[in-house]
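Here's the letter readout for the chains.
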Amino acid sequence: MKCTTLRDGMECAFMTAKGCGYKKGFCLEIVDQCRGCNRTLEVSSGWYCSACPEPTVKWKAGNCNLATHVMTTAAEDSQKINPLKASKRSRK
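What counts, and where the lines are drawn
- Residue positions are given per chain, counted from 1 along the sequence in the order it is written.
- Given that this is a predicted model, residues contribute local features only at a pLDDT of at least 70 and side-chain atom pairs are listed and counted only at 80 or more, while totals for whole chains, interfaces and linings are drawn from all residues.
- Excluding hydrogens and water, the side-chain figures rest on all heavy atoms present in the structure.
- Only protein atoms enter the 1 Å grid, on which a cavity is a set of points fitting a 1.4 Å probe that cannot get out and a pocket is an open set with protein on both sides within 12 Å along at least 5 of 7 lines, lining residues being those with an atom within 4 Å of a point.
- Grid points are joined across faces, edges and corners, and a volume is the space filled by probe spheres set on the points.
- Secondary structure follows DSSP: runs of H or I at least 4 residues long count as helices, runs of E at least 2 residues long count as strands, and numbering of each begins at the N terminus.
- Cysteine sulfur atoms that come within 2.5 Å of each other are treated as a disulfide pair.
- Under the scheme applied here, a residue whose accessible area is under 20% of the maximum for its type counts as buried, over 50% as exposed, and between as partly exposed, the area being computed with a 1.4 Å probe on protein chains only.
- At least two bridges found by DSSP between two strands is the condition for calling them paired.
- Polar contacts here mean pairs of N or O atoms no more than 3.5 Å apart (in protein, one a potential hydrogen donor and the other a potential acceptor; neighbouring residues in sequence count only if both atoms are side-chain atoms).
- By nonpolar core we mean a set of buried residues, namely Ala, Val, Leu, Ile, Met, Phe, Trp, Tyr and Cys, connected to one another through side-chain atoms within 4.5 Å.
- The contact rule is simple, with two residues in contact once any of their heavy atoms fall within 4.5 Å.
- Residues enter patches when they are more than 30% accessible in relative terms and free of salt bridges; like-charged ones are connected within 9 Å and nonpolar ones (Val, Leu, Ile, Met, Phe, Trp, Tyr) within 5 Å.
- Per-residue accessibility takes into account occlusion by the displayed protein chains alone, with areas from the Shrake-Rupley method and a 1.4 Å probe.
- The working definition used for a salt bridge is a side-chain nitrogen of Lys or Arg within 4 Å of a carboxyl oxygen of Asp or Glu.
- Asp and Glu count as negative and Lys and Arg as positive, but His and the ends of the chain are not part of the count.
- Here the site of a charge means atom NZ of a Lys, CZ of an Arg, CG of an Asp or CD of a Glu.

Draft legend 1. Focus on empty space enclosed by the protein. Evaluated as defined, the whole model comprises 1 cavity of 30 Å³ or more. Taken as a whole, the largest cavity holds about 80 Å³ of empty space. Cys34, Cys37, Cys49, Cys64 and Leu66 are, among the 13 residues lining the largest cavity, the residues nearest its centre. By residue number, the principal contributor to the lining of the largest cavity is helix α1 (residues 55-59), which donates 3 residues.

Draft legend 2. Representation of the state of the cysteines in the model. Inspection of the entire model under this criterion finds 0 disulfides. Cysteine 52 carries a free sulfur, and the closest cysteine sulfur to it, the one in cysteine 49, is 5.5 Å from it. You can call cysteine 52 buried: its relative accessible area is 11%.

Draft legend 3. Spotlight on the pairing of strand β3 (residues 40-43). Direction of pairing for β3 relative to strand β4 (residues 46-49): antiparallel, over a ladder of 4 bridges. Residue pairing for β4: leucine 41 is matched across the bridge by tyrosine 48.

Draft legend 4. Quick look at the environment of serine 78. Looking at the element boundaries, serine 78 is found in the loop between α1 and α2 (83-91). Relative accessible area serves as the criterion here: at 72%, serine 78 is assigned to the exposed category.

Draft legend 5. Representation of α2. The buried count for α2 comes to 0 of 9 residues, which makes it a mostly uncovered element. The opening residue of α2 is asparagine 82, an N-cap whose side-chain oxygen sits 3.1 Å from the backbone nitrogen of leucine 84.

Draft legend 6. The nonpolar core, seen in detail. If you look at the biggest cluster of nonpolar residues, it comprises 8 residues: Ile30, Val31, Cys34, Cys49, Cys52, Trp59, Cys64 and Ala67. The contacts of isoleucine 30, once residues within four sequence positions are left out, are Arg35, Thr40, Trp47, Tyr48, Cys49 and Pro55.

Draft legend 7. Molecular detail of a positive patch on the surface. A cluster of basic residues, Lys85, Lys88, Arg89, Arg91 and Lys92, forms a positive patch at the surface. Looking at the element boundaries, arginine 91 is found in helix α2.

Draft legend 8. Fine view of the side chain of threonine 40. The topology assignment puts threonine 40 in strand β3. Judged by relative accessible area, which is 17%, threonine 40 ranks as buried. Among the polar contacts made by the side chain of threonine 40, one reaches the main-chain carbonyl oxygen of cysteine 37 at a distance of 3.0 Å. The residues touching threonine 40, leaving out its near neighbours within four places in the chain, are Ile30, Cys34, Trp47 and Tyr48.

Draft legend 9. Representation of the side chain of glutamate 54 within the structure. By secondary structure assignment, the location of glutamate 54 is in the loop between β4 and α1. Not counting residues up to four positions away in its chain, the partners in contact with glutamate 54 are Tyr22, Lys23, Lys24 and Leu28.

Encoded structure:
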């Protein structure tokens, strides 16, 4: 449904016929870590995230999983070598 609170006229998953169904009744503004993300929207009342109504929750445990400006690197898995098997392989 279309938002009728802060992001007037934009699609919102939390809007119902009774109003905003989010726990606080409206979306919260983005935090500093969100600056530079492609999901941020500027409306007349401020900057908001188009994917999440409360961005502070997404950044609480580390990086936001929806952030487009944060690049994560995959950690290399160092394989543990069994010394007994390695010594048997070297004898061949």
